[in-house]
Amino acid sequence: MSKDYRDTVFLPATDFPMKAGLPAKEPEILARWSRNNLYKQLRADAAGREKFILHDGPPYANGNLHLGHALNKILKDTINRTRQMLGFDANYVPGWDCHGLPIEWKIEEKYRAAGKNKDDVPIDEFRKECRDFADHWIAVQREEFKRLGVVGDWDNPYTTMSFAAEAQIVREIQKFLMNGGLFKGSKPVLWSIVERTALAEAEVEYQEHTSHTIFVKFPVVQPSQAALAGASIVIWTTTPWTMPANRAIALKQDAAYVRLRVDAVGEKSLARPGDEVVVAAELVAQVVKACAIEAYSEVARLSGADLLGTICAHPLRGQGFDYDVPVLAGEFVTLDAGTGFVHIAPGHGADDYALGIANGIEVPHTVDEDGSYFPHVPLFAGKRVLDDAGKEGGANLAVIEALTNAGGLLGRGRLRHQYPHSWRSKAPLIFRNTPQWFISMATNDLRKKALAAIDATAFYPPQGRNRLYAMIEQRPDWVISRQRAWGVPITVFEHKQTGELLRDEAVNERIVQACLKGGADAWFTAKPADFLGDQYNADDWKMVTDILDVWFDSGSTHAFVLEQRPDLQWPASLYLEGSDQHRGWFHSSLLESCGTRGRAPYDAVLTHGFILDEKGRKMSKSLGNSVEPQDVIKQSGADILRLWVASANYNEDLSVGPKIIQAQVDAYRRLRNTLRYLLGNLAGFAESERLPVEQMPELERWVLHRLTELSQTVRESCESYDFHRMYVALYNFCAVDLSGFYFDIRKDALYCDAPGTIRRRAARTVLDILFDCLAKWLAPIICFTAEEAWLIRHPSEDGSVHRELFPDLPAAWADAALAAKWERVRSVRRVVTGALEIERAAKRIGSSLQAAPQVFVTQEDADALAGIDFAEICITSAVQVQVGEAPAEAFRLEDVKGVGALPRSASGIKCERCWQVLPEVGHVQGHDDLCQRCADAVSILPAAG
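Residues numbered from 1 in each chain as written. Predicted model: local features only at pLDDT ≥ 70, side-chain atom pairs only at ≥ 80, totals over all residues. Heavy atoms only, no water.

Novice: Describe the packing of aromatic side chains, with residues and values.
Specialist: Here the structure, examined in full by the defined rule, presents 27 aromatic pairs. Ring geometry for Y727 versus Y731: centroids 5.9 Å apart, planes at 25°, classification stacked. Taken together, the residues Y727 and Y731, both in helix α23 (residues 723-752) and four residues apart, mark about one turn of the helix. Here Y727 falls in the buried class, since its relative accessible area comes to 11%. Ring pairs connect the aromatic residues Y575, W585, F586 and Y602, which therefore count as one cluster. Between K73 and the ring centre of F145, over which it is positioned, the NZ or CZ distance is 4.2 Å. (Phe/Tyr/Trp six-rings, centres within 6.5 Å; stacked < 30°, edge-to-face > 60°. Helix = DSSP H or I, 4+ residues; strand = E, 2+ residues; numbered from the N terminus. Buried < 20%, exposed > 50% of the residue type's maximum accessible area, 1.4 Å probe, protein only. Lys NZ or Arg CZ within 6 Å of the ring centre and 35° of its normal.)

Here's what the structure looks like:
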């Protein structure tokens, strides 16, 4: 009977389990971090280092986290951890956005359900309920963020509703008051009838919407050319309700226009034979088809320039709309659709407003905040544009009916198109002329400063620069007022008679001090005299009751976080959010900071994409394709989510779903098993065992060279925030270079060599270096797993892999010539392993140790293999290498030229300890079942392991 040598083999031994059990293990690690206060440890460790400050874009405190939150916060945490381990002081202060309509809406819903009216509740009581609501969700979200492994100053976060923050926001708007950038104007702004407030472009999303379309005839009353006399100019619009606000017509100056006579019409056509109308020549076919005109004649042809100066009558002239309608040139007019003429309602469109102002045309007020026509609007007073639910009101049909009765319609229809909606209520919006507060883009050269600041900012990815630049270049003045209650008020006094704004630093400071003491509620509960003092007559001034756009709040966070916390710095090193924030937080922060400090509050901006399902569709409850981070954590652990974030190219939209999550579980298992292999084979490793690099075999020196390459990749990836590249490099190193090559080869030496042999000492030394590097490099990504592995290798009460720095590897380890040589060795090895795989599949061999292949190589390959035990590299018992052409039956690989392999059986007897088949087995004195190597090992250590 053969002897049992298992006790003499150095088998791996570790407490690091193969099965991760992350859902149970991660909370234990979180408890340790909390007990040791890892955040404070990191701050103490980094004292005096150069700061890297990623300023947190505040999420909104109104619900559980979704996967977009997880992506954002994990990415931020990965960046902070890498920067900390690169030797910076990467202090992270999380924050929350607390003011605004969504919270206010929730409290109103509660009131409505209880039969209460918001307006009957004292404003300070109402605002307290909003504050309590936000407080609740901050507490919930804080624990959910911490569960993701995000390290930060969770005990001292910032919130936009803290008294100090509200006071600083007041200071910021006062700066615009004092420098002349703040003004009150009456302009058309996007207005939510449902929410009864103005909205910023950042709060708008475009959805499919079906609109009425009408072709309207404006009779020419003062023609600029004789050819226009007696004709009507035809406009096309998708908003019939704006017709009472019409004050002009715009055309394309360099376009060709024609006067047509209608000769025949279809049965349901609103056109009449004999009608003579003017439309763009390029759009005639579309117009006659849409209006069911079956025959027409061209009467005259004119240029757009010929028509300028023409005066038309409103189609409802004689019914209260008795003003002239001039024809003007508009650069925004296109020939994509319609008639080539655009109806201009200066109170209901940005282009309309600009054209009207430029030509001295009145900007009328026609629609009230509830979407109804004002009482002074003829024919339509009180009719609703949209109802309280945002659905179409009666105004459109009333206008269409009036135009039809007046003979003013040439045609009508319906159009499904993209239309602006509130991203909160999802209701359609209107443009409405209303008094609002603005920050001027021209005063103090705000636009110029902002564009210069963009040029001075680094963008990741680079195309983010162009997107933000185009937005700032084209944007109108910033509408900063909202007609709501839950927010920071626009703390401005307006003279009741003159409209003059009060600019007095002493008054401003009294307001700020009141807000520091009691929050922004102080403005709503105070009287004018409380702030004005004895210098001004309180009866002459009124307090503005509008609140600030929440984007002004979040755009001011740099002022009450970065500037006011001594552990941070201004400007931030990095702002990071989703790509939609080019029009949101990046945008408002840029304008606020440039308007008050002359530069951006950040040195760099990084954007990530949105989350889609595995089919590339947007996630929604209706599709049932949402992935909730809480579910993934409960089933697989937060490290799986973190691995997904690192593995994805977040510059683009990210897909996720059950299959993708399972792929991350599989990838995680590979990384975990790599750490487990290292830990298992390092059992009992002592410093006395460490071998100097110069004494190591080439294979170990090749591994060290690969580590230098990987170190450079890791550092470059971290510095450019390219974690996808870092992840791929680390994963491939573990899967291909280690598991598929080095570990496979060195398993024999680790298990069977005697403890003091050069080969085993070298391998164990390299495994120790490998563990140190991989645990640290993986720590920012799979933070829980790296910590678990680190503490098994380096047990302590207060230690942590996250307190370590990335390894600084010796430059001497880099050896390009050695790497090139071993690239050739590995290519030849692939041919051998390919040949043996065929033998194994045909069951002609079991283990590769049963083989002793014959390998045919080029002279260059032979030179590379010289001095190397190639049988050890191929994990065979022997190998014969010869220079020359391989026989036809040899196995080849197309990409490895000049190499072939013939599988041969190894000669000799199997060693019962290492399983190599060798001629010497049976001839070793005292050990007839062992090879000489194993006999020596057993003699030295009869009961190893």
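From this point, things continue past the structure.
Novice: Can you break down helix α29 (residues 932-940) residue by residue, with the values?
Specialist: Turning to α29, its buried residues are C934, A935, A937 and V938. Taken around the axis of α29, the buried residues stretch over an arc of 165°, which confines them to a single face. Seen from the open side of α29, the exposed residues pointing more than 90 degrees away from its buried face are S939 and I940. Taken together, the buried residues of α29 touch α23. (Arc of directions from axis to C-beta. Contact = heavy atoms within 4.5 Å.)

Novice: Give me the packing of helix α6 (residues 163-179) against helix α18 (residues 585-597): which residues, what numbers.
Specialist: Put simply, α6 and α18 touch, their axes get as near as 10 Å, and they point 60° apart. With respect to α18, the axis of α6 lies oblique. The handedness of the crossing between α6 and α18 comes out as left-handed. Packed against α6, whose contacting residues are Q168, E172, K175, F176 and N179, the element α18 presents L591, E592, G595, T596 and R597 at the interface. Residue composition of the contact of α6 with α18, grouped by class: two nonpolar, four polar and four charged. (Axes fitted to C-alpha atoms, helices over the stretch in contact; angles between N-to-C directions. Parallel < 35°, antiparallel > 145°, perpendicular 65-115°, else oblique. Left-handed = near helix turned anticlockwise from the far one by under 90°. Nonpolar A, V, L, I, M, F, W, Y, C, P; charged D, E, K, R; others polar.)

Novice: Lay out the packing of helix α1 (residues 22-36) against helix α25 (residues 783-793) with the relevant residues and their values.
Specialist: Across the interface, α1 lies against α25 with an axial gap of 10 Å and an inter-helix angle of 75°. The angle between the axes of α1 and α25 places the two elements in the roughly perpendicular class. Across the interface between the two elements, L22, K25, E26, I29, L30, R32 and W33 of α1 pack against C783, F784, T785, E787, E788 and L791 of α25. A class-by-class count of the residues in the contact of α1 with α25 yields seven nonpolar, one polar and five charged.

Novice: Can you break down the pattern of salt bridges residue by residue, with the values?
Specialist: Two side chains of opposite charge can pair, provided their charged atoms sit close to one another. This structure, assessed with the given rule, holds 64 salt bridges. Close ionic contact of D77 with R642 constitutes a salt bridge, the shortest N to O distance being 2.7 Å. One end of the pair, D77, is in helix α3 (residues 67-85); the other, R642, is in helix α20 (residues 638-647), with 565 residues separating them in the sequence. The exposure class assigned to D77 is buried, which follows from its relative accessible area of 2%. We classify R642 as buried; its relative accessible area is 1%. When the shortest N-O distance is used, the salt bridge between R830 and D895 registers 2.9 Å. (Salt bridge = Lys/Arg side-chain N within 4 Å of Asp/Glu carboxyl O.)

Novice: Now, about helix α10 (residues 395-405): what can you tell me, with residues and values included?
Specialist: Buried residues of α10: A395, N396, A398, V399, I400, A402 and L403, and no others. Trailing α10 by a residue or two, G407 shows a phi angle of about 75°, which is positive.

Novice: Which residues make up the side chain of R793, and what values go with them?
Specialist: As for its placement among the helices and strands, R793 is situated in helix α25. Of the polar contacts made by the side chain of R793, one reaches the side chain of D768; its length is 2.6 Å. Excluding its chain neighbours within four sequence positions, the residues that come into contact with R793 are L679, L682, F685, D768 and F771. (Polar contact = N/O pair within 3.5 Å; in protein donor to acceptor, adjacent residues only side chain to side chain.)

Novice: Could you give an account of the pairing of strand β6 (residues 204-222), naming the residues involved and the relevant values?
Specialist: The pairing of β6 with strand β7 (residues 232-237) spans six bridges and is classified as antiparallel. In the strand pairing of β7, K217 is matched with V234. Of the strand pairs in this sheet, β6 and strand β12 (residues 311-313) are connected by two bridges, and their pairing is antiparallel. Among the inter-strand pairings, Q222 is bridged to a residue of β12, identified as I311. (Pairing = 2+ DSSP bridges.)

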